[in-house]
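These are the residues of each chain, in order.
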Amino acid sequence: MTEPTERRLLTPEEYLQAQNSPEFAELKRRFRRFAFPMTFAFFAWYLLYVLLSTYAPDFMATEVFGNVNLGILLGLAQFVTTFAITHLYVAHANRNTDPIADEMRDRLERHDFASGQTSATGPTSTEGATRA
Amino acid sequence: MRELLAADDTIGEPAVNISIFGAFVLVTLFITFRASRNNKSAADYYAAGRNISGTQNGLAIAGDYLSAASFLGIAGAIAVYGYDGFLYSIGFLVAWLVALLLVAELMRNTARFTMADVLAFRMRERPVRMAAAISTLAVSLFYLLAQMAGAGGLVALLLGVSGDAAEALVVTLVGALMIFYVLVGGMRGTTYVQMIKATLLIAGAFVMTVWVLAEYGFNLSSLLGGAQDLAVEGRDVLAPGAQYGLTETSKLDFVSLGLALVLGTAGLPHVLMRFYTVPTAKDARRSVVWAIWLIGIFYLFSLVIGYGAGALVGPAEILAAPGAVNAAAPLLAFELGGTVLLGIIAGVAFATILAVVAGLTITASASFAHDVYASVIKRGNVPPNGEVRVARITAVVIGAISIGLGILALQAGINIAFLVALAFAVAASANLPTILYTLFWKNFTTQGALWSIYGGLIACIGLIIFSPVVSGAPVNELTGKSTSLIQDVDFSWFPLNNPGLVSIPLSFFLGWLGSRLSKDKPDELKNAELEVRAFTGIGAEKAVQH
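Per an unreviewed UniProt entry, chain B carries the name Cation/acetate symporter and comes from Blastococcus aurantiacus. Taken directly from UniProt, the Sequence similarities (unreviewed entry) text for chain B runs: "Belongs to the sodium:solute symporter (SSF) (TC 2.A.21) family." The Subcellular location (unreviewed entry) comment attached to chain B in UniProt states, word for word, "Cell membrane".

Pasting the structure below:
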């Protein structure tokens, strides 16, 4: 069990400093700006689909072409939006959140958030604290 | 399916089924043995040394997630009820967005082996770990029950055996194999089994899909028309409502089911545990992306297979077959490709069950050994390898329990997709609210976590006990039996089969209320550490170097 030594690599104060830093606020803001509205959107769209299927079956049975009706098309549209949101999220993370997270992780490993003093409790080596 | 029933008398067909399944078992046993050479530490046993690549893990997630419920249950529900069966696959898929957007990466960065590692991090550790372990075990047992019931039903159909003793023997065999994979191969062996199974399952479904579409000149409209032609009289299988549209209660049940499906996935412990097998959060993201594509494409196949079974076999023959609704996909395979394709699909279905139960068993045993034994009972004072030893013993016990439950569940004859939906309801009620509050709400406290987990769990299981699932469902004229687990008594008062509509909001509410009324102050330092680690990946568990 290597947990205790790994924990001691960074002091609680360093985590607090890092949490209160402007770049961490920006990282969280960018994460939430995408994840929260998008979660709300796909959840609302899914619920709409479920409620239409339940309480408006005649509407869903509207034939669009041949035997293919609106319900089946909207169901397939759920697949399309799921694939699309997956793609959008990965693009957002690669472009907007990963760079900040990577940079902060490097700085944390160098104990940049130790407020002027080197880490008092642990070894200064950060070997193995994380793997990029 | 007159030909199939006639074929039961010949020896050829079960022999084909058994030999294909046997080949799968031999190959996976060999791989499991090879994988076991690297099993040294707890990280090896629980998390495959965190050396699984994102792509491999995506395939393994698909193998873990596409259970017999997905393959047999959804295809059967679409074949018999049409459109209403389609909802299962949509809920199962959309649910992955919750995991991708909110849960996977943050959990990978902060957990070691179990869900409780994260949930207990900034709380009073022992009570929260205990609660998380109990809900993990509850979800896993529900899920195991569904898989074992699926194994039994499948056997009845495919081996031409229908005696209680023979079915029990096969469930025991599946359980024993599962214990063996988990004991010897640990998470690495389980991962390989799941990857092979996912490949076979998706390939098999692809073949059947193309075959069905070819029968209808690759025209979706005529396939749908064919399914409607054979539908149960007066039933529109192309529009919603065939299964759930009958009464106001059944409509609410449909909404409740939909809610449980979409919120359950990100709270399933065996799904969460797969995220810990990759080296970094980015690999966790990559694995979810792969999983979403594989699972989504598979569900598109299952739509075609389901309607194909409805059109080419017909609901009447499916419902009359041993295994009933769950028999749709194997019957379609026989209709299309005769004995050989049926044998292949049967082998794949067995493999499916085996891989899923192995994943469930390792998750449940890890939770017991890591959370209950090492942290709660021994307070962290465990000799090296003591925890893994306990995990192995637990795997045997859980395997034995699930064999017993599986044999009991054989008689029930409930759609296994439906049983799995109950496991999703428990996961969504007991686990997801606490996971989301822990990751995103800094004022969440120990009391909030305990109220949410226990409240969600008790409400969910309690409502199931007093629902028509357990007692009081009307008697089916075809079989002369009620669809309830217990026949001839009625102590039900909760009208819905799926409790999610009540228990999920209740659990969110209890988590909020428990935190508000709590005397504990949230631990700000722990909270800072958890948040910084979750978002930056600093201090995340690293891969084991061999």
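Caption draft 1: Broad picture of the packing of helix α6 (residues 83–110) of chain B against helix α13 (residues 281–312) of chain B. Residues and elements named next belong to chain B. It is at 9 Å that the axes of α6 and α13 come closest, and there the two elements cross at 175°. Here α6 lies roughly antiparallel to α13, going by the angle between them. Between α6, through Gly85, Phe86, Ser89, Phe92, Leu93, Trp96, Ala99, Leu100, Ala104, Glu105, Arg108 and Asn109, and α13, the contact on the second element is made entirely by Ala281, Ala284, Arg285, Val288, Ala291, Ile292, Ile295, Gly296, Tyr299, Ser302, Leu303 and Gly306. Along the lines of polarity and charge, the residues of the contact of α6 with α13 split into 15 nonpolar, six polar and three charged.

Caption draft 2: Spatial organisation of the environment of Ile202(B). All names here are of chain B. As for its position among the elements, isoleucine 202 is in helix α9 (residues 164–215). Distance from isoleucine 202 to isoleucine 295, taken between C-alpha atoms, is 8.8 Å for residues 93 residues apart in sequence. If near-sequence neighbours (up to four positions away) are discounted, isoleucine 202 is found in contact with Leu294 and Phe298.

Caption draft 3: Main features of the confidence of the model for chain B. Residue and element names in this part refer to chain B. Chain-level statistics for chain B give a pLDDT mean of 86 and a share of 93% at 70 or above. Summarising per-element confidence for chain B, the mean pLDDT is lowest in helix α1 (residues 2–7) (41) and highest in helix α19 (residues 500–516) (96). A low-confidence stretch, residues 1–12 stays under pLDDT 50, and its non-local contacts, those more than four residues away or across chains, total nine contacts. Our summary of model confidence lists the complex with pTM equal to 0.89 and ipTM equal to 0.89.

Caption draft 4: Spotlight on the interface of chain A and chain B. Across the boundary between the two partners, chain A contributes 52 residues, which contact 47 residues of chain B. Within the residue set of the side of chain A that touches chain B, elements represented by two or more residues are α2 (12–20), α3 (22–55), α4 (57–60), β2 (68–69) and α5 (70–109) of chain A. In terms of residue class, the side of chain A that touches chain B is built from 33 nonpolar, 14 polar and five charged.

Caption draft 5: Focus on helix α18 (residues 446–465) of chain B. Look at α18(B): 28 Å from first C-alpha to last across 20 residues, which is about the 28 Å you get at 1.5 Å a residue. Within α18(B), 15 of the 20 residues are buried, which leaves it mostly tucked inside the rest of the structure.

Caption draft 6: A look at the confidence of the model for chain A. Residue and element names in this part refer to chain A. Per-residue pLDDT for chain A has a mean of 83; in total, 80% of the residues score no lower than 70. Confidence, expressed as mean pLDDT per element, reaches its minimum in chain A at helix α1 (residues 3–8) with 45 and its maximum at α3 with 95. Segment residues 1–8: pLDDT under 50, and four contacts once partners within four positions in sequence are set aside and those in other chains are kept. Below a pLDDT of 50 lies the segment residues 117–132, which in the model reaches 32 contacts outside its immediate sequence neighbourhood of four places, other chains included.

Caption draft 7: Broad picture of unusual backbone geometry. At His111(A), a residue that is not glycine, the phi angle is positive and equals roughly 60°. Relative to the helices and strands, His111(A) resides in the segment after α5. For His111(A), a count of 18 C-beta atoms within 10 Å corresponds to the partly exposed category. Positive phi, close to 55°, is recorded for Phe218(B), a residue that is not glycine. Judged by the 11 C-beta atoms lying within 10 Å of it, Phe218(B) falls in the exposed class.

What counts and what doesn't
Residues numbered from 1 in each chain as written. Chains lettered and ligands numbered in written order. Predicted model: local features only at pLDDT ≥ 70, side-chain atom pairs only at ≥ 80, totals over all residues. UniProt positions renumbered as here; feature names shortened; annotations may be inferred. Axes fitted to C-alpha atoms, helices over the stretch in contact; angles between N-to-C directions. Helix = DSSP H or I, 4+ residues; strand = E, 2+ residues; numbered from the N terminus. Parallel < 35°, antiparallel > 145°, perpendicular 65-115°, else oblique. Contact = placed C-beta atoms within 7 Å. Nonpolar A, V, L, I, M, F, W, Y, C, P; charged D, E, K, R; others polar. pLDDT = per-residue confidence, 0-100. Expected span 1.5 Å × (residues − 1). Buried ≥ 20, exposed ≤ 12 C-beta atoms within 10 Å, placed from the backbone.

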